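The chain contents come next:
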Amino acid sequence: MLYQFNEMQKLALSPVRMAAQLYSQVLRNPFNPLSETPQAQTLAASFDLFSETTQYHGKPAFDITSTNIDMRTVAVTEEILHRKSFCQLKHFKRDTTRKDPKLLIVAPMSGHFATLLRGTVETMLPNHDVYITDWRDAANVPLYEGRFDLDDYIDYIIDYLEILGPETHVMAVCQPGVPVLAAVALMSEDNNPNVPLSITLMGSPIDTRRHPTEPCKLAMNHSI
């Protein structure tokens, strides 16, 4: 219901946003004698702010079509290896017969898309067979698909590691460090044959009590 209300609100604000963009262009037009006045600039900035905050930004594409392997350019195609309600396992298939280590990159799902790690994927492609967790926008997941919490997050990672099989390396960037660590611990406890060969945690907040960041300090110094 909240997502439906949010979508209705976006549609209702579309004409107002278009008008704000038009007014901003008029105020900034060099042929407008008032464009250089502080009042016009402030008003134009206000219109820009409203336009940006109400603008819907869709999911960007990875747009990775090639990589360099053994000093030659190799084509790369994206394929969906497995789909789940809240995530899909994406594979960057390289046009090569070389057998490189499998790498699962677990992207954060804290309000942005996996394409945030486009540069990381590009860097790993020349020497790795790269997979990534491509999380879905929760607004596009119907309510009947059920809930998604930390336990589900951990289960997703275990499922993907089992799909990729043994001798897979896993890299968690920022927020997924905790669920990845938990998933691998559970797999090790169960003697799962698909336990990854290595774990790389990049900027993951495992114990924020030891090295609190500014948001942690803010949370500790203020009440809910």
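Preceding this paragraph is the structure being described.
Just so you know, these numbers come straight off a predicted model, no measurement behind them.

Undergrad: Help me get a handle on the state of the cysteines, residues and values and all.
TA: Here a disulfide denotes one covalent bond, and it connects the sulfur atoms of two cysteines. Applying the stated criterion to the full structure yields zero disulfides. Summary of cysteine pairing: C87 is not part of a disulfide, and the nearest cysteine sulfur, belonging to C174, is at 16 Å. The cysteine C174 is free of any disulfide, with C216 supplying the nearest cysteine sulfur at 11 Å.

Undergrad: Residues and numbers for the nonpolar core, please.
TA: Ranked by size, the top nonpolar core spans 38 residues in total, and within it F92, L104, I105, V121 and I132 carry the most contacts. Going through the elements one at a time, β3 (87-94), β4 (102-106), α3 (118-124), β5 (129-135), α4 (150-164), β6 (168-173) and α5 (177-189) are the ones with two or more residues in this core. Take this core: its biggest share by element is eight residues, from α4. Setting aside chain neighbours within four positions, we find F92 in contact with F62, I64, V76, T77, E78, V121, L125, D129, V130 and I132.

Undergrad: Give a detailed account of the sheet that holds strand β7 (residues 198-202), specifying residues and quantitative values.
TA: Within the open sheet, the seven strands sit side by side as β1-β2-β3-β5-β4-β6-β7. Their pairing is mixed. Each having just a single partner strand, β1 (66-69) and β7 make up the two edges of the open sheet. Pairs of neighbouring strands in the sheet enclose a mean axial angle of 30°, with direction left out of account. For β3 and β5, the ladder comprises five bridges, and the chain directions are antiparallel.

Undergrad: Residues and numbers for unusual backbone geometry, please.
TA: Backbone geometry follows two general trends: most residues other than glycine have a negative phi, and most peptide bonds adopt the trans configuration. The phi dihedral of D70 falls on the positive side, at around 55°, and the residue is not glycine. Take D70: it is sitting in the loop between β1 and β2 (72-83). You will see that E167, though not glycine, has its phi angle at about 60°, which is positive. Turning to its location among the elements, E167 is positioned in the loop between α4 and β6. Relative accessible area serves as the criterion here: at 57%, E167 is assigned to the exposed category.

Undergrad: Pulling in residues and values, what's your account of α5?
TA: Spanning 13 residues, α5 covers 18 Å between terminal C-alpha atoms, matching the ideal 18 Å at 1.5 Å per step. Within the span of α5, buried status applies to G177, P179, V180, A183, V184 and M187. Tucked inside the fold, the buried residues of α5 contact β4, α4, β6 and β7. Looking one or two places after α5, you find N191, whose phi comes out positive at around 55°.

About the criteria used
Each chain carries its own residue numbering, running from 1 in the written order of its sequence. Where totals are concerned, whole chains, interfaces and linings use all residues; where local detail is concerned, this predicted model gives features only for residues with pLDDT of at least 70, and gives and counts side-chain atom pairs only at 80 or more. Values shown for side chains rest on all heavy atoms present in the structure; no hydrogens or waters enter the calculation. Our working definition of a disulfide is a cysteine sulfur pair at a distance within 2.5 Å. Buried Ala, Val, Leu, Ile, Met, Phe, Trp, Tyr and Cys residues form a nonpolar core when they are joined through side-chain atoms within 4.5 Å. Buried residues are those whose accessible area, probed at 1.4 Å on protein chains only, stays under 20% of the maximum for their type, while exposed residues exceed 50% and partly exposed ones sit between those limits. Helix numbering and strand numbering both begin at the N terminus, where a helix is a DSSP run of H or I of at least 4 residues and a strand a DSSP run of E of at least 2. Here a residue-residue contact requires only that any non-hydrogen atoms of the pair lie within 4.5 Å. What makes two strands pair is DSSP finding at least two bridges between them. Every axis in this analysis is a line fitted to C-alpha atoms, fitted for helices over the stretch in contact. Angles between the N-to-C directions lie between 0 and 180 degrees. Expected helix span is given by 1.5 Å per residue-to-residue step, counting one fewer step than there are residues.

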